Amino acid sequence: MFYHVAAYRQLPVASVPLIVSVPSGNFGNLTAGIFAKRIGLPVARFIASTNSNDVVPEYLRTGKFLPRAATPTLSNAMDVGSPNNFPRLLDLCRGRLEYVQREIWGHGATDEETLNAMKFVHDRFGYLADPHTAVGILGWEAYRREHPEPAQGLVLATAHPAKFADVVTRAIGSAPPLPDRLAACLHRPKLSLAMSSLYDDFKQFLLAH
């Protein structure tokens, strides 16, 4: 909830509806956004932006919730075929499809679309988006095409691109720079202690320390 409020406070004041695109896998972040709206955050609608694991966008289109095995994607933190926060979303919307549709619009993106969005955003704005954030951008762009009326879009960025250096390199041709704090950690000595996987050995280690 704090993420949503903090993001809202960074926006310029606007008289048009606020649409929030949330990169979604297990739907905890979007559920938190609904909670934030319930206590006063002025969001007109949320976008459930998913990768090809689009069981919730499919539900929003068809009214049928059909969980399935997750499909591996470049935005792998969102590879969830049966989001366990979905019952919470339903409960917040009184278990009725029309209420869920009033709160949430859905969109699923392919890996190719994700890579293209990462490159486009980098080339045009100089911004390095991780693949999950790129899925959120694609959700907002798709919403705008289907809803051309004036609106203010907010896309939640969910990870640092350095966590997905290989994907970023595929998208823009070069690896993202590491944050200074992370880069410094890589030069520190590794602190570890080898031990067996036996429970009794672990227990004795804990008791001795």
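Residues numbered from 1 in each chain as written. Predicted model: local features only at pLDDT ≥ 70, side-chain atom pairs only at ≥ 80, totals over all residues. Heavy atoms only, no water.

**As for the pairing of strand β1 (residues 18–23)**
Part 1 of the argument: Judged by how many residues are buried, β1 sits mostly within the fold: six of six residues are covered.
Part 2 of the argument: Pairing analysis gives four bridges linking β1 to strand β4 (residues 152–155), with the strands arranged parallel. When the bridges of β4 are listed, V20 appears paired with L154.
Part 3 of the argument: Here β1 pairs with strand β2 (residues 45–50) via five bridges, running parallel. Bridge pairing links P23 to S49 in β2.
Part 4 of the argument: A crossover links β1 with its parallel partner β2, the connecting element being helix α2 (residues 28–38), and its sense is right-handed. (Buried < 20%, exposed > 50% of the residue type's maximum accessible area, 1.4 Å probe, protein only. Helix = DSSP H or I, 4+ residues; strand = E, 2+ residues; numbered from the N terminus. Pairing = 2+ DSSP bridges. Right-handed = clockwise from strand over helix to strand, strands pointing away.)

**Details of the pairing of strand β3 (residues 104–108)**
Part 1 of the argument: Burial within β3 is extensive, with four of its five residues counted as buried.
Part 2 of the argument: Two strands pair when backbone bridges link them, and β2 and β3 are joined in this way by five bridges, in the parallel orientation. Looking at β3, one finds that S49 is bridged to H107.

**Regarding the pattern of salt bridges**
Part 1 of the argument: Tallying each qualifying case throughout the model produces six salt bridges.
Part 2 of the argument: Between K37 and E103 there is a salt bridge, with the nearest N and O atoms lying 2.8 Å from each other. Taken together, the positions of K37 in helix α2 and E103 in helix α5 (residues 97–103) put the pair 66 residues apart, joining distant regions of the chain.
Part 3 of the argument: Accessibility expressed as a relative area gives 10% for E103, which makes it buried.
Part 4 of the argument: A salt bridge links E98 to R96; the shortest N-O distance between them is 2.5 Å.
Part 5 of the argument: Here R96 falls in the partly exposed class, since its relative accessible area comes to 40%.
Part 6 of the argument: What you see here is one network of salt bridges that share partners, running through K37, R38 and E103. (Salt bridge = Lys/Arg side-chain N within 4 Å of Asp/Glu carboxyl O.)

Read these as spatial facts, not as claims about activity.
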